[in-house]
Amino acid sequence: MKRAEDLDVTGQTVLVRADLNVPLDDSGGFRAVGSGGQHSITDDGRIRASLPTIRDLLRREAAVIVCAHLGRPKGDDYAARAAGGPSLRPVADRLAELLGQPGTLAADVAGESASVIASTMAPGEVALLENVRFEPAETSKDDGVRGELAGRLASLADLYVGDGFGAMHRKHASVYDTPPLLPHAAGQLVLAEVAVLRQLTNSPARPYVVVLGGAKVSDKLAVIGNLVGSASPGPTAPRSAGSGPTTPPKADRLLIAGGMAYTFLAAQGHQVGDSMLQAEQIPQVTDALADADKAGVEVVLPVDHVVADRFDSGAQPEIVPGPDIPDGKMGLDIGPATRALFARKLADAKTVFWNGPPGVYEFPAFAAGTLAVAEAISAVTGLTVVGGGDSAAAVRHLKLPAGAFTHISTGGGASLEYLEGRELPGLAALEAGT
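Everything numeric here is computed off the predicted structure, so don't read it as measured data.

Right, let's get into the overall build of the chain. Within the chain, the secondary structure is distributed over 15 helices and 17 strands. Expected size for 434 residues packed as a compact globule is a radius of gyration near 22 Å; at 22 Å, the chain falls within 12% of this value. If one aligns the C-alpha atoms of the chain with their principal axes, the spans along those axes are about 65 × 50 × 40 Å. Scored against the burial criterion, the 434 residues of the chain give a buried share of 55%. Counted over contacts in the chain with a minimum sequence separation of 6, partners at least 24 positions apart contribute 74%. As displayed, the chain offers around 17000 Å² of accessible surface, 50% of which is attributable to carbon and sulfur atoms. Looking at the chain, you have 37 positive and 50 negative side-chain charges, and the mean spots of the two groups are 4 Å apart.

We now examine the environment of Ser378. In this structure, Ser378 sits in helix 12 (residues 368-378). Overall, the relative accessible area of 28% leaves Ser378 in the partly exposed class. The residues touching Ser378, leaving out its near neighbours within four places in the chain, are Ala404 and Phe405. Reaching out from Ser378, the side chain makes a polar contact with the backbone oxygen of Glu375 at a distance of 2.7 Å.

With that settled, the discussion passes to the environment of Val320. Here Val320 lies in strand 13 (residues 318-320). Each C-alpha atom, one on Val320 and one on Val307, is 6.9 Å from the other, the two residues being 13 residues apart in sequence.

It is worth spelling out the layout of surface pockets at this point. Approximately 1300 Å³ is the volume found for the largest pocket. Every residue lining the largest pocket is counted, 48 residues in all, and those nearest its centre are Arg46, Gly388, Gly389, Asp390 and Gly412. For the lining of the largest pocket, the secondary structure elements donating two or more residues are helix 1 (45-59), helix 13 (389-397) and helix 14 (412-419). With seven residues, helix 13 is the largest single contributor of residues to the lining of the largest pocket. When its residues are assigned to classes, the lining of the largest pocket shows ten nonpolar, 21 polar and 17 charged.

Turning our eyes to something else, we now look at the sheet that holds strand 14 (residues 330-334). Spatially, 13-12-14 is the arrangement adopted by the three strands of the open sheet, whose pairing is antiparallel. One side of each edge strand has no neighbouring strand; the edge strands of this open sheet are strand 13 and strand 14. Between one strand and the next, the sheet's axes are offset by a mean angle of 45°, whatever the strand orientation.

Cut-off values and rules
Numbers given to residues run from 1 along each chain, matching the order in which its sequence is written. Totals for whole chains, interfaces and linings use all residues, but because this is a predicted model, local features are given only for residues with pLDDT of at least 70 and pairs of side-chain atoms are given and counted only at 80 or more. The basis for every side-chain value is the complete set of heavy atoms in the structure, and neither hydrogens nor water enter the calculation. Only DSSP runs of H or I reaching four residues or more are called helices, and only runs of E reaching two or more are called strands; each is numbered from the N terminus. Each radius of gyration reported is based on C-alpha atoms, and the globular scaling rule is 2.2 Å times the count of residues to the power 0.38. Relative accessibility decides the category of a residue: with a 1.4 Å probe and only protein chains considered, values under 20% of the type maximum give buried, values over 50% give exposed, and everything between is partly exposed. Here a residue-residue contact requires only that any non-hydrogen atoms of the pair lie within 4.5 Å. Methods summary: accessible areas were calculated by the Shrake-Rupley approach with a probe of 1.4 Å, and residue burial reflects only the protein chains presented. Asp and Glu are treated as the negative residues and Lys and Arg as the positive ones, with His and the ends of the chain left uncounted. Just so you know, the charge point we use is NZ for Lys, CZ for Arg, CG for Asp and CD for Glu. Polar contact is the term for a pair of N or O atoms within 3.5 Å; when the atoms are in protein, one must be able to donate a hydrogen and the other to accept it, and sequence-neighboring residues count only if both atoms are side-chain atoms. Only protein atoms enter the 1 Å grid used here, on which a cavity is any set of points holding a 1.4 Å probe that cannot leave and a pocket is any open set flanked by protein within 12 Å on both sides along at least five of seven lines; residues with an atom within 4 Å of a point are listed as lining. Grid points are joined across faces, edges and corners, and a volume is the space filled by probe spheres set on the points. Under the scheme applied, nonpolar residues are Ala, Val, Leu, Ile, Met, Phe, Trp, Tyr, Cys and Pro; charged residues are Asp, Glu, Lys and Arg; polar residues are all the others, including Gly. Criterion used throughout: strands pair if DSSP finds at least two bridges between them. Note on geometry: axes are C-alpha line fits, over the in-contact stretch for helices, and angles between N-to-C directions span 0 to 180 degrees.

This is the structure we're talking about:
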């Protein structure tokens, strides 16, 4: 892929597709317009991750128009979605604050307001389009519908830079259909993400340990299949940045926790009480365990739990000393014996990929497992990758130093799909014609 740093941007208008999909709450602060009320940004990590590319373009006297999405607006047309929000207003305010210069927020995505702003911007200025998902065409399955929006977006600029790694696995208008319409390149964030993923998928240093958590085992079965060598091989064509490896390297160990672990435990015949369980996935999990055993991949599951009688931050925690959880109780975190076990299994690792928290880290009484796993990974001498999404949010929520890990990804879903060996449409679009 061509690098954004290699583009001649002086005096040019550059459309930057960023990933600014930050979490919001209703406590005030940076306020968003829309019927949803007032919102504040609770984690600005994705905005900060986009700064290097934007700052470089501004420094080189480009006019920068940033395109991004926020949440999942509801409604059949633009008007309904814009009325319901969320608007990118709080993101625009925070971006301007972090850049240390004013920024303009267009009143639309690729309409009259955006066109006027684009035609009047001076070099070194920055503007942000409204939430691109206000346009139903952004996520349309119809190539022609997406193409029409892509044409309007492309008309705003001279060049395109793709830097929203967290959206690269989406075949969306601003990610997939717009790059071919303009001279294009990849931003610094995307290049950094791909470089790390290539290290994970090209003969990683061993032992290679993968820690998987999160709620649903169904979200992780494909990547587990690749990591134990049971998945169908990927494309047979020469590998590119847009696709994962044709024969992904097996992990040496899989450490499985979080809500997904209870389906694994149920597949082994353990009782899981009222814990989250995807019973329909038990046959697939049973197959995955058999494949791992056949391939010599060690699967490590929780041996004890921190439970409660309800999913609530004020629930009273209780330690269950074995793998079985009694009726009326739900697992919300790994127990102290599992924390110690996971730390031992990580101690000799040379490569670690972590995606998904081991417990409900947002509740203080059930955050110890996530903190223990994060600390054990941070002590590893080697490549340590936090695979975006809730794992990255947990690192920031628990105030762990970002420098304790080699890389903290901004794209959980995109990272997983890359490790599954699947083509990422956004990366493929950036590679085309370069």
